[in-house]
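Overview (structure and organization)
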Amino acid sequence: PSFFSQQRCVTIYLYIVHLEVSMRIYNLNTHNENKRFLLSILIGLPASILMGYLFYLVSRWFTFRLDIFYIVIAYTISLLLKKVGRGVTKKFSILGACLAFVAIIVGDALILFGQNAINLLTNAIFFSQFIRIEVYSLTANLNALIGLLIRVSAIYEAYYYSVLF
């Protein structure tokens, strides 16, 4: 029998058709990526706000600030995004970094202003004043700079670990 026999051509044709169908099924999953991204936002935003509030509660319980806890929060957010979003694109990484930033802002606002932080975070004028106070307090001395480095590393960790590899 020759190399291009009818049976062999049919087998090759069926293999190509199977591969094409498999690629179509695989590509159907990419249509759901936008839905998974939206679901990641809808679940991740309240979770990051709750994580910031959890930081506030832990800091009040220990009576001092545990800035290293932000790294745990960022890793938890990234695990949540991996589980819910299952994303491989850069937008999931950026979402993880943004959600970690939200958790840090909420936690710091609650530490500095207590229960008045809700008014602070919802009002644009007060929010800009809070950002100025936050930047000043994070650059005031060496301990504050270490806290700033911990926050930046937490945001980077959330950025790096929020996607599947």
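Figured I'd write up the structure that's included with this text. Being a predicted model, the structure only gives us computed values, none of them experimental.

All right, on to unusual backbone geometry then. With a phi angle near 45°, Arg86 is a residue other than glycine that sits in the positive phi range. Classification of Arg86 as partly exposed rests on a relative accessible area of 46%.

Each pair of aromatic rings is reported with the distance of its centres and the angle of its planes. Counted under the stated rule, the structure contains 9 aromatic pairs. Between Tyr75 and Tyr161 the ring centres are 5.9 Å apart and the planes differ by 80°, which places this aromatic pair in the edge-to-face class. Of the two residues, Tyr75 sits in helix 3 (residues 69-85) while Tyr161 sits in helix 7 (residues 142-161), which places them 86 residues apart along the sequence. Judged by relative accessible area, which is 37%, Tyr75 ranks as partly exposed. Classification of Tyr161 by relative accessible area gives partly exposed; the value is 32%. Taking the centre distance of 6.0 Å and the plane angle of 65° together, the rings of Phe113 and Phe130 count as edge-to-face. Of the two residues, Phe113 is situated in helix 4 (residues 90-113) and Phe130 in helix 6 (residues 124-138); the sequence distance between them amounts to 17 residues. Take Phe130: its relative accessible area is 0%, and that puts it in the buried class. Within the aromatic cluster, the residues linked to one another by ring pairs are Tyr75, Tyr156, Tyr160 and Tyr161. If you follow Lys91 out to its NZ or CZ, it ends over the ring of Phe37, 4.9 Å from the centre.

Our focus in this paragraph is the packing of helix 4 against helix 6. It is at 11 Å that the axes of helix 4 and helix 6 come closest, and there the two elements cross at 85°. In terms of orientation, helix 4 lies roughly perpendicular with respect to helix 6. Between helix 4 and helix 6, the contacting residues are Ile105, Asp108, Ala109, Leu112 and Phe113 on the first element and Phe127, Phe130, Ile131, Ile133 and Glu134 on the second. Looking at the contact of helix 4 with helix 6 residue by residue, the classes come out as 8 nonpolar, no polar and 2 charged.

About the thresholds
- Residues numbered from 1 in each chain as written.
- Predicted model: local features only at pLDDT ≥ 70, side-chain atom pairs only at ≥ 80, totals over all residues.
- Heavy atoms only, no water.
- Buried < 20%, exposed > 50% of the residue type's maximum accessible area, 1.4 Å probe, protein only.
- Phe/Tyr/Trp six-rings, centres within 6.5 Å; stacked < 30°, edge-to-face > 60°.
- Helix = DSSP H or I, 4+ residues; strand = E, 2+ residues; numbered from the N terminus.
- Lys NZ or Arg CZ within 6 Å of the ring centre and 35° of its normal.
- Axes fitted to C-alpha atoms, helices over the stretch in contact; angles between N-to-C directions.
- Parallel < 35°, antiparallel > 145°, perpendicular 65-115°, else oblique.
- Contact = heavy atoms within 4.5 Å.
- Nonpolar A, V, L, I, M, F, W, Y, C, P; charged D, E, K, R; others polar.

Everything listed here is a matter of geometry and, on its own, says nothing about what the molecule does.
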